Amino acid sequence: MKTGREDMMEKLLATARAAMEKAYAPYSGFKVGAAVLGLDGEIYGGCNVENASCGLTVCAERAAVCNAVCGGSRELAEILLTAENQPSVMPCGACLQVLREFSVKKVHIASREGKIASYGLEELLPLPFAKNKPGEETP
């Protein structure tokens, strides 16, 4: 019998894989999918969208966060990533900073075979850029 946690991880993986299939990666052939879980329990997917000008490419992680924000979710709990033609994929520094902005605590990396490794965001981004939002006090 599956636990609620196992069921949630399966839903995140299924959403990330479905998003990965929609990736636009004509230059690298490196399709990535992500699924982010909001504190409200909603799951939002995202895929990478490349551009001929590489700096304009959007990573799957940021696409998933943007979908969550567009869906009304501002606080996110965790994210799962998967890649089509790589054993596993880690978020870039820009994506880690965006994940921090929306309070993501856990980052899960799924292999092609579905094996999942989990990391705390602080492990992957120990010294993030921090700026107070309006109305917040300095820590």
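Refer to the structure printed above.
As the structure is a computational prediction, the values presented were derived from the model and not from experiment. The written sequence of each chain sets the order in which its residues are numbered from 1. The predicted nature of this model means local features are confined to residues of pLDDT at least 70 and side-chain atom pairs, given and counted, to a pLDDT of 80 or more, with totals for whole chains, interfaces and linings taken over all residues. With hydrogens and water excluded, all non-hydrogen atoms of the structure serve as input to the side-chain values.

A. Fine view of the layout of surface pockets. Space inside and on the surface of the protein is sampled on a 1 Å grid over the protein atoms alone, with a cavity defined as a set of points where a 1.4 Å probe fits but cannot get out and a pocket as an open set with protein on both sides within 12 Å along at least 5 of 7 lines; lining residues have an atom within 4 Å of a point. Grid points are joined across faces, edges and corners, and a volume is the space filled by probe spheres set on the points. Approximately 180 Å³ is the volume attributed to the second largest pocket. Along the walls of the second largest pocket sit 14 residues, with Phe-30, Val-32, Asn-48, Cys-59 and Glu-61 positioned nearest its centre. Gly falls in the polar group here, along with every residue not listed as nonpolar (Ala, Val, Leu, Ile, Met, Phe, Trp, Tyr, Cys, Pro) or charged (Asp, Glu, Lys, Arg). Residue classes in the lining of the second largest pocket are distributed as nine nonpolar, three polar and two charged.

B. Summary view of the side chain of Glu-50. Numbering goes from the N terminus for both helices and strands, where a helix is a DSSP run of H or I of at least four residues and a strand is a run of E of at least two. Along the chain, Glu-50 falls in the loop between β2 (43-47) and α2 (60-70). Partly exposed residues are those whose accessible area sits between 20% and 50% of the maximum for their type, while under 20% is buried and over 50% is exposed, using a 1.4 Å probe and protein chains only. His is not counted here, nor are the chain ends, while Lys and Arg score as positive and Asp and Glu score as negative. Each reported salt bridge corresponds to a side-chain nitrogen of Lys or Arg within 4 Å of a carboxyl oxygen of Asp or Glu. One buried charge, Glu-50, has no salt-bridge partner; the nearest side chain with opposite charge is Lys-31, at 10 Å. From its side chain, Glu-50 meets the backbone nitrogen of Tyr-27 in a polar contact 2.9 Å long. Any two residues whose heavy atoms approach within 4.5 Å at even a single point are treated as in contact. Each residue touching Glu-50, except ones within four places of it in the same chain, is listed here: Tyr-24, Ala-25, Pro-26, Tyr-27, Ser-28, Gly-29, Phe-30 and Thr-57. Pairs of N or O atoms are called polar contacts if they sit within 3.5 Å, as long as, within protein, a hydrogen donor faces a hydrogen acceptor (for residues adjacent in sequence, only side-chain-to-side-chain pairs).

C. Looking closely at the nonpolar core. One finds Val-36, Leu-76, Ile-79 and Leu-99 to be the most contacted residues of the largest nonpolar core, which totals 21 residues. Elements with a contribution of two residues or more to this core: β1 (32-38), α2, β3 (76-83), α3 (93-101) and β4 (106-110). Setting aside residues up to four positions removed in sequence, Leu-76 forms contacts with Val-36, Leu-37, Gly-38, Leu-39, Val-65, Ala-68, Phe-102, Ser-103 and Val-104. Membership of the second largest hydrophobic core comes to 10 residues, among which are Met-8, Ala-16, Ala-35 and Leu-80. Residues belong to a common nonpolar core when they are buried Ala, Val, Leu, Ile, Met, Phe, Trp, Tyr or Cys residues joined through side-chain atoms within 4.5 Å.

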